[in-house]
Amino acid sequence: MSTRSKARKQTLDLLYESDIRGSSAADLMVLRDIPDEGPDARPIRDFTKALIGGITENRRKIDELIATYAQGWDMDRLPAVDRNILRLAIYEIIWSDDVEDAVAIDEALNLARDLSTDESAGYIHGVLGRISTIKASIAR
């Protein structure tokens, strides 16, 4: 697993926990960032910090896009893991200029296959594919 893939998984963990707890992912990230020393070290990766910062900053627009393009699903009815995979991937597709859309989508599908269901992976692929095709028309 690449360093960026590990950072995406770490980001998803923080997003999922914040969603379940009803707290801020940025605040959780600060609490979870244990320095790189000793057996309990669990440092937050720099890429994770960048992703959490960007997702937090753009959360309203990201959630609007999910609500608009996740046809047939209300945000509250989406499984929490799927909702947060979508948040992560949509942020990367729209706002991360250094990540190709295909990479962001592929990484999201890997997370969905590992942590959710096969049906979820197909559904997430459809939503992200639509977002990717219209991203030029989405106001940043």
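Above this text sits the structure in question.
Since the structure is predicted, the reported quantities are computational estimates derived from the model, not experimental observations.

## So, the pattern of salt bridges
Between side chains of opposite charge, a pair can form as their charged atoms come close. Tallied over the full model, the rule gives eleven salt bridges. For Asp 63, the salt bridge identified is with Arg 59, shortest N-O distance 3.2 Å. Taken together, the positions of Asp 63 and Arg 59, both in helix α4 (residues 59-69) and four residues apart, correspond to about one turn of that helix. A cluster of three or more residues bridged by salt bridges with shared partners is formed by Asp 19, Arg 59, Asp 63, Arg 83 and Arg 87.

## So, the packing of aromatic side chains
Aromatic ring pairs are described here by two measures, namely the spacing of the ring centres and the angle between the planes. Summed over the entire model, instances satisfying the criterion amount to one aromatic pair. Here the aromatic rings of Tyr 91 and Trp 95 are separated by 6.0 Å at their centres, their planes lie at 15 degrees, and the arrangement is stacked. On the criterion of helical spacing, the pair formed by Tyr 91 and Trp 95 is a turn pair, its members being four residues apart in helix α5 (residues 80-95). Trp 95 gets classed as buried once you look at its relative accessible area, which sits at 14%. Lying over the aromatic face of Phe 47, Arg 4 brings its terminal NZ or CZ to 4.1 Å of the ring centre.

## Quick word on the packing of helix α1 (residues 3-21) against helix α6 (residues 101-115)
Where α1 contacts α6, the axes come no closer than 11 Å and their chain directions differ by 60 degrees. With respect to α6, the axis of α1 lies oblique. As for how α1 packs across α6, the hand of that crossing is right-handed. Contact residues: α1 offers Ser 5, Arg 8, Lys 9 and Leu 12, while α6 offers Val 103, Glu 107, Leu 111 and Leu 115. Of the residues contributing to the contact of α1 with α6, the split by class is four nonpolar, one polar and three charged.

Calculation notes
Residues numbered from 1 in each chain as written. Predicted model: local features only at pLDDT ≥ 70, side-chain atom pairs only at ≥ 80, totals over all residues. Heavy atoms only, no water. Salt bridge = Lys/Arg side-chain N within 4 Å of Asp/Glu carboxyl O. Helix = DSSP H or I, 4+ residues; strand = E, 2+ residues; numbered from the N terminus. Phe/Tyr/Trp six-rings, centres within 6.5 Å; stacked < 30°, edge-to-face > 60°. Buried < 20%, exposed > 50% of the residue type's maximum accessible area, 1.4 Å probe, protein only. Lys NZ or Arg CZ within 6 Å of the ring centre and 35° of its normal. Axes fitted to C-alpha atoms, helices over the stretch in contact; angles between N-to-C directions. Parallel < 35°, antiparallel > 145°, perpendicular 65-115°, else oblique. Left-handed = near helix turned anticlockwise from the far one by under 90°. Contact = heavy atoms within 4.5 Å. Nonpolar A, V, L, I, M, F, W, Y, C, P; charged D, E, K, R; others polar.

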